[in-house]
Amino acid sequence: MGSVCREVVTLQLGHYANYVGTHWWNLQDASLCYDADPHNPPSEVRSDAVFREGLTQSGQTTYPPRLIALDLKGSLNTLRQEGTLYELHRQGSTFTWEGEVMTHKEDPAEKNMFLQDLERLDQGEAEGEFSQQQQQREQCRGAEGSVNASVERTQKLFSLEGSVRVWSDFLRIHLHPRSISVIHQYNHDGEANRMEAFGQGEALLREPLFLEELEDRLHFFVEECDYLQGFQVLCDLQDGFSGLGSGVTELLHDEYRGRGVFTWGLGPITHPDTSPVKDVFHLLNTVLGVVSLSNHSSLFCPLSLRGGLGRRPPPHITFPHLQYDPSLWYHSSAVLATALDTLTLPYRTLKDSATMGQLADAFAVSGRKVVTACGAVPFPMMLGDCLPNALAGFGEALPWKPLSACGEQIDGRCFAQSVSLRGIEGQSLVSQLAPGTQPPSPLHCYGSGEDVLTAYLQERYPSTPSMVHLVQSPCKPMTPFPQIFTPALGKHGFLESGSRPASTQVDSVPVLTCLQSSPLLYRCLSELHSEVSALDLRRFCSFLSAGTELDDLREALQDLKALAQQYRMNSDLDASSEEESD
């Protein structure tokens, strides 16, 4: 008997959240198909946890994500709000207008090369190629046997760095007509009517029409679920969407009690139109967002490649085998999406999965609902090597980099953690020693990948409860994922002796991630509290006039200080004596 599918509804709130979400859906879509070959079994990941099956009016099966994406006016570029998955027909009587007609013609936005190629394949302009794609589609089925609605794309190489203006410029999949919601009160571009303050986003849910539309979309996706386990919320943390996320997570918490609400607070490394005043706005939105989102969520995790949450953070996070441009949202969001695809595996796998509720309970001991993320993107391992060798090769260093703008951990202190590894198959998970050979390390003595990884974590974090999840199928960064991998990686994401040709795309990578309830949060949140406390908040009248009272800010600072205290360990007491005296 197959395991019960526990569905998840995803909400994306904000432009950078939609950047990350677009890459994430592209990655998940790339894993939906498999060849009908017993040597290539279906993915261990439950695609129907986050995708839904539907039918077009012509009877074609579709598989769009169970998604609600909110963004501002002018943020879609060439994408129609209702999408192109279904032909929408408006019912009603027809009539003839006998008055004067004036036609206004506007040139449509120009699609980049990737979208033009995607459109050509969808429309089947090349009949022979279309027939071939149709045959491939019939052979491609999701993990639960549903026909995959997206056409298998050839691995063409596109350099989109100069042509990506918004997230829909690299959206590979079709979305449901009810997925995209545009907030027309605020503009994506320009100087006027920008949603830059927490209070602006918070006020949207007090507008009856906005709230009604959001609830209608939620009910549509929720009511078709047989076993809803919860919601994934990707929310911009540094602008007005922080306030909207606060209201949305409170709504989910109140209306769907007992369901998990996992919120990822997202922040880019840089903003293209920043200024000293806007930097303060980003800081205040972050403080208010961290406090409110963590309060209303089962788990809350900041997710950013910035070096810190403050106005002048340390340098951005780098990875040994990535060459990404920190100024391009198209690049940094791809890295975060790759990590997110693995971080969320524990409640999306077919076997030995935990529910969102179980995962939250394991972390939220003593009210600790804020977690940090770490990742090795990709996990560095030589082709033909084994996991024990790869882990032993790190020596005293940790195998991952911080992904939550909270700094790098230098010791084994941690309250709880969930570690996920994907993309290493079969015999590569354990050491293949000849009989009588002395094992190079204790890790080489174990007979399963789970045991190897568990032993490694016990060595590095001896007193920390750890959950381990292994998935053999890799992450698939296929077109239009940016070409950010170094030449040292081969086609399948493993390190090789020679350099990969520039014309060869990396089509799969192993990834290691970790969610931690970490004492790093004590220092990170305390520094955030100190930075905001040093400001004269009364000087920022435009922020306060957007709906956040001065008393609300002061209360949030007190809550932030209390939140930080939950992550303080005994060894932090002496180091923080000065702060306590303040």
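Thresholds applied
Every residue gets a number counted from 1 within its own chain, in the order that chain's sequence is written. Per-residue local features are limited, in this predicted model, to residues with pLDDT of at least 70; the limit for side-chain atom pairs, both in listing and counting, is 80 or more; totals at the level of whole chains, interfaces and linings are taken over all residues. Side-chain descriptors were evaluated using all non-hydrogen atoms of the structure, hydrogens and water having been removed beforehand. Strand pairing is defined by DSSP finding a minimum of two bridges between the two strands. Each helix is a run of H or I in the DSSP string that is no shorter than four residues. Each strand is a run of E no shorter than two, and both are numbered from the N terminus. Think of each axis as a best-fit line through the C-alpha atoms, taken over the contacting stretch in the case of a helix, with angles from 0 to 180 degrees between the N-to-C directions. Each residue's exposure class comes from its accessible area (1.4 Å probe, protein chains only) as a fraction of the maximum for that residue type: buried when under 20%, exposed when over 50%, partly exposed otherwise. In what follows, a contact means two residues having at least one pair of non-hydrogen atoms within 4.5 Å. By convention, the crossing between two helices is left-handed when the near helix turns anticlockwise from the far helix through less than a right angle, and right-handed when the turn is clockwise. Residue polarity follows a fixed list, in which Ala, Val, Leu, Ile, Met, Phe, Trp, Tyr, Cys and Pro are nonpolar, Asp, Glu, Lys and Arg are charged, and the others, Gly among them, are polar. Whenever a carboxyl oxygen of Asp or Glu lies within 4 Å of a side-chain nitrogen of Lys or Arg, that contact is scored as a salt bridge. Only buried Ala, Val, Leu, Ile, Met, Phe, Trp, Tyr and Cys residues count toward a nonpolar core, and they belong to the same one when joined by side-chain atoms within 4.5 Å.

Caption draft 1: Spatial organisation of the sheet that holds strand S8 (residues 299-304). An order of S5-S4-S1-S6-S7-S8 is seen for the 6 strands of this open sheet, with the pairing classed as parallel. Looking at the sheet topology across the chains shown, the edges are occupied by strand S5 (180-187) and S8. Looking at each pair of strands side by side, their axes are set apart by 15° on average, direction ignored. With 7 bridges connecting them, strand S1 (residues 7-13) and strand S6 (residues 228-236) associate as parallel partners. Counterpart to Glu7 in the pairing with S6 is Leu228.

Caption draft 2: Quick look at the pairing of S1. In terms of burial, S1 is largely enclosed, as 7 of its 7 residues are buried. Covered by surrounding structure in S1 are Glu7, Val9, Leu11 and Leu13 together with Val8, Thr10 and Gln12, the residues of both alternating faces.

Caption draft 3: How the structure looks around the side chain of Ser518. Within the secondary structure, Ser518 sits in the loop between strand S13 (511-517) and helix H12 (520-533). Relative accessible area serves as the criterion here: at 0%, Ser518 is assigned to the buried category. Residue contacts for Ser518: discarding those within four places in its chain leaves Thr372, Gln409, Phe415 and Tyr567.

Caption draft 4: View of the packing of helix H7 (residues 276-296) against helix H14 (residues 550-565). Viewed as axis vectors pointing N to C, H7 and H14 meet at an angle of 60°, and their least axial separation amounts to 9 Å. Both H7 and H14 take part in a crossing whose hand is left-handed. Touching Leu284, Val287, Leu288, Val290, Val291 and Ser294 of H7 are Asp552, Leu553, Ala556, Leu557, Asp559, Leu560 and Leu563, all from H14. A per-class count over the contact of H7 with H14 returns 10 nonpolar, 1 polar and 2 charged.

Caption draft 5: View of the sheet that holds strand S11 (residues 416-422). Spatially, 5 strands are ordered S10-S9-S13-S11-S12 in an open sheet, and the strand pairing comes out mixed. Here the strands that pair on one side only, and so sit at the sheet edges, are strand S10 (401-402) and strand S12 (466-471). The pairing of strand S9 (residues 372-376) with S13 spans 5 bridges and is classified as antiparallel. Within S13, the residue paired with Ala373 across the bridge is Leu515. Each of S11, S12 and S13 is contacted by helix H9 (residues 356-363), which is oriented at about 135° to S11, the strand it contacts most.

Caption draft 6: Summary view of the pattern of salt bridges. Enumeration according to the criterion identifies 17 salt bridges in this entry. Of the charged contacts, one joins Glu224 and Arg52 as a salt bridge, the two residues approaching to 2.6 Å between their closest N and O atoms. On the criterion of sequence distance, the pair formed by Glu224 in the loop between helix H5 (208-223) and S6 and Arg52 in the loop between helix H1 (15-30) and strand S2 (54-55) is long-range, its members being 172 residues apart. Across the salt bridge formed by Asp273 and Lys278, the nearest N and O atoms sit 3.6 Å from each other. For Asp273, a relative accessible area of 34% puts it in the partly exposed group. Each of Arg194, Glu196, Asp273 and Lys278 takes part in a single network of salt bridges with overlapping partners.

Caption draft 7: Geometry of the pairing of S9. In terms of burial, S9 is a largely internal element, 5 of the 5 residues being buried. A two-sided burial pattern is seen for S9, the buried positions comprising Thr372, Cys374 and Ala376 on one face and Ala373 and Gly375 on the other. Strand direction decides the pairing type here: S9 and S10, joined by 2 bridges, are antiparallel. Looking at S10, one finds that Gly375 is bridged to Lys401.

Caption draft 8: Layout of the nonpolar core. Judged by nonpolar contacts, the single largest core of 70 residues is most densely connected at Trp264, Leu303, Leu305 and Phe319. Looking at which element gives the most residues to this core, the answer is helix H8 (residues 329-343), with 9 residues. Those residues in contact with Phe319 that sit more than four places away from it in its chain are Leu305, Tyr324, Val335, Gly375, Val377, Lys401 and Leu403.

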